[in-house]
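An overview of the molecular structure
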Amino acid sequence: MMLSSQVKGFLENASWIRRMFEIGHELKKKYGYQNVFDFTLGNPDLPPPADFKKHLIEEASKDEPFIHGYMSNAGYEDTREAIAKNLSNELDMDFNKKNIIMTCGAAGGMNVILRAILNPGDKVVILSPYFVEYKFYILNHQGQVVISETDETFLPNIEDLDKKIDDRTKAIIINTPNNPTGRVYEDMILIDLGDLLLKKSKEFGKPIYLLSDEPYKRIVYSDHKFYPPIKYYRNTMIVNSFSKDLSIPGERIGYIAMPPDLDGVREIIEACVLCNRILGFINAPAIMQRVIKNLLNSLVDVNLYMKRRDIFYNSLIEMGYKVIKPGGTFYMFPESPIKDDIEFSKILMNEQVLVTPGSGFGRKGYFRISYCQDEKIILKSLERFYSAIKKVE
Ligand code: PLP
């Protein structure tokens, strides 16, 4: 066999997002781009903040020795220092540049951590509905995926987690604000989660790490608030990126941040820096590190996403869909009006509307709408959503 059997398996389970992308491509060829309403991809459509271009041009014009050269695999010191300062202020904690590693986005950061900490067979818990790629990342590094289903409001189910965490559990990944649900975890649930992880770490005599995947932490609407998980559990590693808050996912820039009192922090940092190199990332893109250093307080216009959320949410509720109102991100995860979410996605497809079935995120009976689309397109699509729900009533 030419292929690795594991990768062959990955391909066979290829995510719904990719399949929908391919179907969308065909539909657009057939009906024309303007006549297909594609809500599948989480590819932010808002332009980056204006100062992004300014700093990019400035950095591109610099002409210093080794400006395009290799660097420490952890990244430029001044960028890491700026991030450490920013986090220290924001979280009222003491972050040091030594504990920051620049990465190729959150995806790069998550892979680096998992490579650094997992032994074959170590368990990593993810919460369904989950970001599809987590499974691949864990399997990439010989970990074992354990799924814990969130409750009906998409919050972690502490009782279920209590049962699923055992002496082989190395880490749990959480993502707030959440893809695919848009749910932002409040402090009560983070207190309970922190207590549980502390209890389990004591029970098994080793730390269970919380990997907090935070690429949407600043895409939070004014009627909600981001509660940083690290404030509720000491053994937390932060994975973050600028893909969403600066609308630059193609530029592949993010970071890992570890608190100074994380168990094993020095060894883990050293291992992550090595893994950044040996996984083939080497270091995060140089020019982006220099650019984002100046943009730590810049942000896309989140109010535009909020306006789209309000249009979609209010309209879908009025039509009879059941939806939990997103507090952030640019996703919502309505309940499918029929049990079979794949079937309902096909009904929407017949209306030339593309969404991703919840089955693709490990949660049947729902579908994901990604509203990285112009307001006009959203407004035009609404009658199609109405027509689809009428067909199954
Ligand atoms: N984590 C979550 C929850 C995401 O939704 C995404 C991207 O969509 C990523 C990680 C990867 O982000 P990045 O582009 O920074 O690698």
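Residues numbered from 1 in each chain as written. Predicted model: local features only at pLDDT ≥ 70, side-chain atom pairs only at ≥ 80, totals over all residues. Heavy atoms only, no water.

As for the overall build of the chain
Put simply, the rule reads: Numbering goes from the N terminus for both helices and strands, where a helix is a DSSP run of H or I of at least four residues and a strand is a run of E of at least two. The size measure is the radius of gyration over C-alpha atoms, and the globule rule it meets is 2.2 Å times the number of residues to the 0.38 power. The rule is simple: take the accessible area with a 1.4 Å probe, protein chains only, and divide by the maximum for that residue type; under 20% is buried, over 50% is exposed, in between is partly exposed. Working rule for contacts: check all heavy atoms of both residues, and any pair within 4.5 Å makes them a contact. In this count, Lys and Arg are taken as positive residues and Asp and Glu as negative ones, while His and the chain termini are left out. The atoms used to mark charge sites are NZ of Lys, CZ of Arg, CG of Asp and CD of Glu.
On a plain count of helices and strands, the chain comes out with 13 helices and 12 strands. Computed over the C-alpha atoms, the radius of gyration of the chain is 21 Å, within 12% of the 21 Å expected from 2.2 N^0.38 for a compact globule of 393 residues. Its C-alpha atoms put the chain at 60 × 55 × 55 Å along the principal axes. The 393 residues of the chain split such that 55% are buried. Put simply, of all contacts in the chain between residues at least 6 apart along the chain, 76% involve residues at least 24 apart. Taking the 51 positively charged and 52 negatively charged side chains of the chain as two groups, their mean positions are separated by 3 Å.

Some points on the pairing of strand β12 (residues 367-370)
Just so we agree on the cut-off: DSSP bridges decide pairing: two strands pair if at least two such bridges lie between them.
A two-sided burial pattern is seen for β12, the buried positions comprising F367 and I369 on one face and R368 and S370 on the other. Sheet topology places strand β9 (residues 331-332) next to β12; two bridges connect them, and they run antiparallel. Residue pairing in the sheet places Y331 in a bridge with S370 of β12. Relative to β12, strand β11 (residues 356-357) is paired through two bridges, and the arrangement is antiparallel. Pairing of P357 across the sheet is with F367, part of β12.

Examining the environment of F367
Along the polypeptide, F367 turns up in strand β12. Classification of F367 by relative accessible area gives buried; the value is 0%. Note: C-alpha distance between F367 and L382 (15 residues apart in sequence) is 16 Å.

A look at a nonpolar patch on the surface
Let me state the cut-off plainly: Residues qualify for a patch when their relative accessible area is over 30% and they have no salt bridge, like charges being joined within 9 Å and the nonpolar side chains of Val, Leu, Ile, Met, Phe, Trp and Tyr within 5 Å. Only the protein chains shown count as covering a residue, and every accessible area follows the Shrake-Rupley method with a 1.4 Å probe. The term salt bridge refers to a side-chain nitrogen of Lys or Arg lying within 4 Å of a carboxyl oxygen of Asp or Glu.
A contiguous nonpolar surface patch, about 590 Å² in accessible area, is contributed by M1, M2, L3, V7 and L11. Here M1 is to be found in the segment before α1 (5-12). By relative accessible area, which is 77% here, M1 ends up exposed.

Comments concerning the layout of surface pockets
We count it as follows: Think of a 1 Å grid over just the protein atoms. A cavity is a set of points where a 1.4 Å probe fits yet cannot get out, a pocket is an open set with protein on both sides within 12 Å along at least five of seven lines, and lining residues have an atom within 4 Å of a point. Grid points are joined across faces, edges and corners, and a volume is the space filled by probe spheres set on the points. Residue type decides the class: Asp, Glu, Lys and Arg count as charged, Ala, Val, Leu, Ile, Met, Phe, Trp, Tyr, Cys and Pro as nonpolar, and the leftover types, Gly among them, as polar.
When its volume is computed, the second largest pocket comes out at roughly 300 Å³. Lining the second largest pocket we find 17 residues, and of these K28, Y33, D38, C372 and Q373 sit closest to its centre. Looking at the lining of the second largest pocket, the elements that each hand over two or more residues are α2 (16-31), β1 (37-38) and α13 (375-392). Looking at side-chain class alone, the lining of the second largest pocket contains eight nonpolar, five polar and four charged residues.

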